[in-house]
Amino acid sequence: MSERRSREELLSFISKVSFVVDDTKLFLDTHKHDREALKHFEEYRELRKAALEEYAKYYGPLLVDDAVMSCDDRWNWTDEPWPWMEGGC
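Residues numbered from 1 in each chain as written. Predicted model: local features only at pLDDT ≥ 70, side-chain atom pairs only at ≥ 80, totals over all residues. Heavy atoms only, no water.

Caption draft 1: Up close: the nonpolar core. Core analysis: the biggest nonpolar cluster contains eight residues, these being L10, L11, I14, A51, L52, Y55, Y59 and L62. Elements with a contribution of two residues or more to this core: α1 (7-30) and α2 (35-59). When residues in this core are grouped by element, the largest group, four residues, is from α2. (Core = buried A, V, L, I, M, F, W, Y, C linked by side-chain atoms within 4.5 Å. Buried < 20%, exposed > 50% of the residue type's maximum accessible area, 1.4 Å probe, protein only. Helix = DSSP H or I, 4+ residues; strand = E, 2+ residues; numbered from the N terminus.)

Rendered as structure tokens:
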């Protein structure tokens, strides 16, 4: 099993793969039949999804989509400091 990535490493990775996803999505808007670009998009979308899940697991939800009810039946969106509160962004 690999070592857990730090908050900063995960934020950097999420930023990079998010850029690739967004950039490829824009390309696909005008090249919708490009199978290689679609494969590229799917690969990086999955990397982004996994990184967001990893971040939420160890550091709290980064996106509201990852916020869930805790075992105490309460909202966990604000449990952890947000990235910009610790100089992350």
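There is more to say after this.
Caption draft 2: Fine view of α2. The first and last C-alpha atoms of α2 sit 36 Å apart over 25 residues, in line with the 36 Å expected at 1.5 Å per residue. Residues of α2 that are buried include every one of A37, F41, A51, L52, E54, Y55 and Y59, and no others. For α2, the secondary structure elements touched by its buried residues are α1. The opening residue of α2 is D34, an N-cap whose side-chain oxygen sits 3.1 Å from the backbone nitrogen of E36. Backbone geometry just downstream of α2 places G60 in the positive-phi region, at approximately 95°. (Expected span 1.5 Å × (residues − 1). Contact = heavy atoms within 4.5 Å. Polar contact = N/O pair within 3.5 Å; in protein donor to acceptor, adjacent residues only side chain to side chain.)

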